[in-house]
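Chain and residue survey
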Amino acid sequence: IVHWPFIVSQRKRYSWIQLAGHKGNFKAGEEGTVLKKFSENEKRCFERLMEDVLYSFVPAYHGMVEREGEPYLQLTDLLGGFNGPCVMDCKIGVRHPHCIPIPPSLSETPALHTHPSLIIRDTRTAYPSLPHYQRHLIGSPLLLRSPLSLMLCVSLQKADGTCSTDFKRTKTQEQVTLVFRDFVEGNKRIMETYLAKLEEIRRVLESSEFFKSHEVIGSSLLFIHDHNELANVWLIDFGKTTPLSEGQTLTHRAEWCEGNREDGYLWGLDNMVRLVSNIARD
Ligand code: ATP
Ligand code: MG
Ligand code: MG
């Protein structure tokens, strides 16, 4: 977690919060923007997203900039406009690029290993056709199978400034419900706003050409609200999102099996909508 005090405008000063991700990956940008370490893949995604119906549901992309010789993607700072924001980063989908790194010692044998509560399988030999990053996530049968792990909350910051990043044990519906309730401090109106936004996002995703033609891995929904009950949700992090081959499409709901590239994004979102609606309406 990085707190980044920087000037947004002459009058307003606040600290930027980076919840997840590698600490060196972000820099404060010009007024109202953040800089994310460049990746060709993510740049291509943002260029296409700017032309898609998802345009207003992702941070606006303002092109590449260089700082100290390093290239960055310049993105609209989603915290702008909030007053003392509370932020939650939830990865969506059933596949994640770096949840469970496979130990190098397992690299040669396609064996099954039990590691605390997770079964790690070496997929390099079992699925040699897969690109490197996919191997890690297939080693995670729990993430693939458990409908409860579809909402992996990565990190959050609450109004009192406290941050949490350890949600490895947050798996059951009851546990995730508690995390959400605590995040909004029981505020039903904020939950209702989040619910409406999630439903809107689901509708737009179902009509998005970008979404239809991409495998979305390791992407998050970023929830932001403040004490004025301003609340919004954005899709972020397309570093591991890749285009499908010409003509291929995904349901984003079907179960993953080797080669079908299904990511479970809508399956996860369906679960999240159900859970948020239970909280908003009970
Ligand atoms: P990882 O792949 O480990 O999830 P990453 O390096 O790809 O991380 P992101 O997930 O894109 O980085 O972002 C990390 C964190 O930075 C988010 O959880 C969020 O708190 C913050 N962040 C990212 N983009 C923005 C943005 N446009 N505006 C405000 N905050 C942002
Ligand atoms: Mg991320
Ligand atoms: Mg990422």
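Whatever comes next refers back to the structure up there.
Residues numbered from 1 in each chain as written. Chains lettered and ligands numbered in written order. Predicted model: local features only at pLDDT ≥ 70, side-chain atom pairs only at ≥ 80, totals over all residues. Heavy atoms only, no water.

1. Quick word on the pairing of strand 7 (residues 86-92)
To keep it simple, the criterion reads: Each residue is placed in one exposure class: buried if its accessible area under a 1.4 Å probe, protein chains only, is under 20% of its type's maximum, exposed if it is over 50%, and partly exposed if it falls in between. The helix and strand labels rest on DSSP assignments: H or I over at least four residues marks a helix, E over at least two residues marks a strand, and numbering proceeds from the N terminus. One bridge is not enough; two strands pair if DSSP finds at least two bridges between them.
Among the seven residues that make up strand 7, seven are buried, leaving the element largely enclosed by the rest of the structure. Residues Cys86, Met88, Cys90 and Ile92 of strand 7 are buried on one face, and the alternating residues Val87, Asp89 and Lys91, pointing to the opposite face, are buried as well. As paired strands, strand 7 and strand 13 (residues 220-225) are joined by six bridges and run antiparallel to one another. Each residue of the ladder has a partner; that of Met88, found in strand 13, is Phe223.

2. Notes on the packing of helix 6 (residues 188-206) against helix 8 (residues 265-281)
Stated formally: The axes are straight lines fitted to the C-alpha atoms, using for helices just the contacting stretch, and the angles between their N-to-C directions are given from 0 to 180°. Relative orientations are named as follows: roughly parallel for angles under 35 degrees, roughly antiparallel for angles over 145 degrees, roughly perpendicular for angles from 65 to 115 degrees, and oblique for any other angle. Left-handed is the label given to a crossing in which the near helix is rotated counterclockwise from the far helix by less than a right angle, and right-handed is the label when the rotation is clockwise. Here a residue-residue contact requires only that any non-hydrogen atoms of the pair lie within 4.5 Å. Note on residue classes: Ala, Val, Leu, Ile, Met, Phe, Trp, Tyr, Cys and Pro are nonpolar, Asp, Glu, Lys and Arg are charged, and everything else, Gly too, is polar.
Where helix 6 meets helix 8, the closest approach of the two axes is 9 Å, and the angle between their N-to-C directions is 155 degrees. In terms of orientation, helix 6 lies roughly antiparallel with respect to helix 8. By crossing handedness, the relation of helix 6 to helix 8 is classed as left-handed. Residues Lys188, Met191, Glu192, Leu195, Leu198, Glu199, Ile201, Arg202, Leu205 and Glu206 of helix 6 form the contact with helix 8, whose participating residues are Tyr265, Leu266, Leu269, Asp270, Met272, Val273, Val276, Ser277, Ile279, Ala280 and Arg281. Grouping the constituent residues of the contact of helix 6 with helix 8 by class yields 13 nonpolar, one polar and seven charged.

3. With respect to the packing of aromatic side chains
The cut-off we apply is this: Working definition: a ring pair exists when centres of Phe, Tyr or Trp rings (six-membered ring for Trp) sit within 6.5 Å. Plane angles under 30 degrees give stacked, over 60 give edge-to-face, the rest tilted.
A full pass over the atoms with the stated rule returns eight aromatic pairs. Each ring, one from Phe82 and one from Trp234, has its centre 6.3 Å from the other, and the planes form 80 degrees; the classification is edge-to-face. With a gap of 152 residues between them, Phe82 in the loop between strand 6 (70-76) and strand 7 and Trp234 in strand 14 (residues 231-236) connect regions that are remote in the sequence. With respect to burial, Phe82 and Trp234 carry one shared label: buried. Ring centres of Phe183 and Tyr194 lie 6.3 Å apart, and the angle between their planes is 10 degrees; on these two criteria the pair is classed as stacked. On the criterion of sequence distance, the pair formed by Phe183 in helix 5 (residues 173-184) and Tyr194 in helix 6 is long-range, its members being 11 residues apart. Accessibility classification places Phe183 together with Tyr194 in one group, the buried group. Grouping aromatic residues by their ring pairs yields a cluster made of Phe46, Tyr61, Phe210 and Phe238.

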